[in-house]
Amino acid sequence: MKRAGRTGLTLAAILAAGAGGYWAGHRNLALPATSWLQTVAWLEGTATAPASASPGPTGPVIYYRDPDGPPAYSATPKKTADGRDFLPVRAGEDLSFEGKPPATVATAAAAPVNGEPKKIVYYRNPMGLPDTSPAPKKDSMGMDYLPVYAGEDDDGSTVKVAPGKLQRTGVRSEAVSDRVIVRQVRVPGTVQLDERRVSVVSVPSDSFIAKVENVTTGDRVRKGQPLLQLYSPELAAAAAQLVINPGSEGFRRRLQNVNVPAEVIAEIQRTRQVPLAFGWSSPRDGVVLERNATEGMKMSAGDVLFRIADLSTVWVLADVPEYDLANVRVGQSATISVRSLPGQTFQGRVAQIYPQVDSQTRSTKVRIELPNPDGSLRPDMYTDVEIAASGSRPVVAVPDSAVIDTGTRQVVILDRGEGRFEPREVTIGAQGGGFTEIRKGIASGDRVVVAANFLIDAESNLEAALTGMATTEGTP
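Calculation criteria
- Residues numbered from 1 in each chain as written.
- Predicted model: local features only at pLDDT ≥ 70, side-chain atom pairs only at ≥ 80, totals over all residues.
- Heavy atoms only, no water.
- Helix = DSSP H or I, 4+ residues; strand = E, 2+ residues; numbered from the N terminus.
- Buried < 20%, exposed > 50% of the residue type's maximum accessible area, 1.4 Å probe, protein only.
- Contact = heavy atoms within 4.5 Å.
- Phe/Tyr/Trp six-rings, centres within 6.5 Å; stacked < 30°, edge-to-face > 60°.
- Lys NZ or Arg CZ within 6 Å of the ring centre and 35° of its normal.
- Arc of directions from axis to C-beta.
- Pairing = 2+ DSSP bridges.
- Salt bridge = Lys/Arg side-chain N within 4 Å of Asp/Glu carboxyl O.
- pLDDT = per-residue confidence, 0-100.
- Polar contact = N/O pair within 3.5 Å; in protein donor to acceptor, adjacent residues only side chain to side chain.
- Axes fitted to C-alpha atoms, helices over the stretch in contact; angles between N-to-C directions.
- Parallel < 35°, antiparallel > 145°, perpendicular 65-115°, else oblique.
- Left-handed = near helix turned anticlockwise from the far one by under 90°.
- Nonpolar A, V, L, I, M, F, W, Y, C, P; charged D, E, K, R; others polar.

### What about the overall build of the protein chain?
Then comes step 1: The helix and strand inventory of the protein chain stands at eight helices and 29 strands.
Then comes step 2: Across the 476 residues of the protein chain, 32% fall into the buried class.
Then comes step 3: Look at the contacts in the protein chain between residues 6 or more apart in sequence, and 67% of them connect residues 24 or more apart.

This is how it looks when you write it as structure tokens:
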């Protein structure tokens, strides 16, 4: 009779275990560690009773969770859509939102250092919200705030980023190196005459123009080529005195002082006759830029009759802004492109930086000398000037993308390895060619973040703010 009763209990246990397994399997629930075969063996008397499970969770209920496992929680009792109760979670249960048991994390964080326990600096929100407390507390769901120990935040100067997050955000770093900063200064300019290659033909006294040679504006003339003939009473009187006193150096010097050509003086001394008209010739090879002489007209002393310029070499005057002057030096190479000559460029060098800043444009003239053998460069042409303003020595430089400029300060992110990054304030210098000079803050060989650095900077600022809030709240 007793054996029949035990057999009935065994069959009932088997049926109950099967039904329970079917129900748990459809709801993705884990089965208990003790199998139903062990239970049957105990009921049959062939095994001892199963060992008691570890003590259940202790402490008050801090919140309720969905019985099927989805991340659904409630601070008060609640039911699922099909009418089942949410499961209570007690304070002693081993739960963590960070992928590892909180007890283990807390134990590791609180491990003694050099025989002394770590000091708790503040407590942070368990859900990652920007909320801290100088003393233990709970959030609105009853969850305990997590302690932050001294040394975990590296005094607020270093931020740690998980490897997965680094890969997702595209963080990339490069080594700092020494290089010469080359900055292309692009400014407008105009073609001008070389002041040393311009001559004018004028008369030293009141004169009458007797004849003008067949020379017009734009013609090329050579040195000594006749330009005009004129009659001047003053010149005629000086020539007569030379004829009367052929050996007098004073009268000969007088004719030279009024720019009478040497060949004309020699002709007077040879023929001992005063010419009716004095010939005037070109003082240099060049192009006639201006002609003011007309036959029969009277010219006053000092009036310009011809203006002649040698265009084999020209100047380009570039207007360099005041803030770029520090990057430009004499001897630097320059590339000139002329708007009226598309596809052509001219190479020259900076010959002079003018000593004055224009009060209206806040720019300074920079002179570049260019050879012009074919005369394609004409005075007053507009040009585009590109000056290679490079430094004289290598400097510590980083890519432009590595510098975070807030307007009041400049910051780079140092890569310390193993997902650790440190914001570092720096002093910048010259910029050019995609690189920025760093005068203070980092050294050659350091690794800096050159991509997605603003994300790390934002996270660093958040952690620094949280640390500051905790320090302020904890100060008596």
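### Observations regarding the packing of aromatic side chains
Then comes step 1: Under the counting rule described, the total for this entry stands at zero aromatic pairs.
Then comes step 2: The ring centre of Phe435 lies 3.8 Å from the NZ or CZ of Arg179, which sits over that ring.
Then comes step 3: We note Arg367 situated over the ring of Trp315; from NZ or CZ to the ring centre the distance is 4.1 Å.

### Digging into helix α7 (residues 262-271)
Then comes step 1: Looking only at α7, the buried set comprises Val264, Ile265 and Ile268. End-on, the buried residues of α7 take up no more than an arc of 100°, which puts them together on one face. Along α7, exposed side chains directed more than 90 degrees from the buried face belong to Ala262 and Arg270.
Then comes step 2: Residues of α7 that are buried in the fold lie against α5 (233-244), α6 (249-257) and β15 (278-281).
Then comes step 3: One or two residues past the end of α7 sits Arg272, with phi positive at roughly 55°.

### Quick notes on the sheet that holds strand β16 (residues 286-291)
Then comes step 1: Strand order in this open sheet of four strands is β11-β18-β16-β13, and the pairing throughout is antiparallel. Only two strands of the sheet have a single partner each, and these edge strands are β11 (198-202) and β13 (220-221).

### A few points about the environment of Met143
Then comes step 1: As for its placement among the helices and strands, Met143 is situated in the loop between β5 (132-133) and β6 (146-149).
Then comes step 2: Note: C-alpha distance between Met143 and Ile62 (81 residues apart in sequence) is 6.5 Å.

### A few points about the pattern of salt bridges
Then comes step 1: Scanning the entire structure with this criterion turns up 17 salt bridges.
Then comes step 2: Salt-bridge contacts for Arg197 lead to Asp310; the nearest nitrogen and oxygen are separated by 3.0 Å. A residue pair is termed long-range when its members are at least 10 positions apart, and Arg197 in the loop between β10 (182-193) and β11 and Asp310 in the loop between β18 (304-309) and β19 (313-321) qualify at 113 residues.
Then comes step 3: With a relative accessible area of 18%, Asp310 lands in the buried category.

### What about the confidence of the model for the protein chain?
Then comes step 1: Here the protein chain averages 76 in pLDDT, and 72% of its residues register 70 or above.
Then comes step 2: Low confidence marks residues 470-476, where pLDDT is under 50. Its contacts with residues over four positions away, or in another chain, come to six contacts.

### Side note on the sheet that holds strand β4 (residues 120-124)
Then comes step 1: Strand order in the open sheet formed by three strands is β5-β4-β6, and the pairing between neighbours is antiparallel. Here the strands that pair on one side only, and so sit at the sheet edges, are β5 and β6.

### Observations regarding unusual backbone geometry
Then comes step 1: The backbone phi angle of Arg272 is positive, close to 55°, even though this residue is not glycine.
Then comes step 2: Structurally, Arg272 can be placed in the loop between α7 and β15.
Then comes step 3: Notably, Asp380 is not glycine yet its phi reads approximately 75°, a positive angle.

### Quick look at the environment of Pro77
Then comes step 1: Tracing the backbone shows Pro77 in the loop between β2 (73-74) and β3 (87-90).
Then comes step 2: We classify Pro77 as exposed; its relative accessible area is 62%.
Then comes step 3: For the pair Pro77 and Tyr63, spaced 14 residues apart in the sequence, the C-alpha separation amounts to 8.1 Å.

### Some details on the side chain of Asp310
Then comes step 1: Within the local environment of Asp310, its side chain forms a polar contact with the side chain of Ser312, the two groups lying 3.0 Å apart.
Then comes step 2: If sequence neighbours within four positions are ignored, Asp310 has contacts with Arg197, Arg284, Asp285 and Gly286.

### Description of the packing of α5 against α7
Then comes step 1: Close contact between α5 and α7 brings their axes to 9 Å; oriented N to C, the two are set at 45°. Of the possible angle classes, the one that applies to α5 and α7 is oblique. The element α5 and its partner α7 pack so that their crossing is right-handed. Contact residues: α5 offers Ala239, Leu242 and Val243, while α7 offers Ile265, Ile268 and Gln269.
Then comes step 2: Broken down by class, the residue content of the contact of α5 with α7 amounts to five nonpolar, one polar and no charged.

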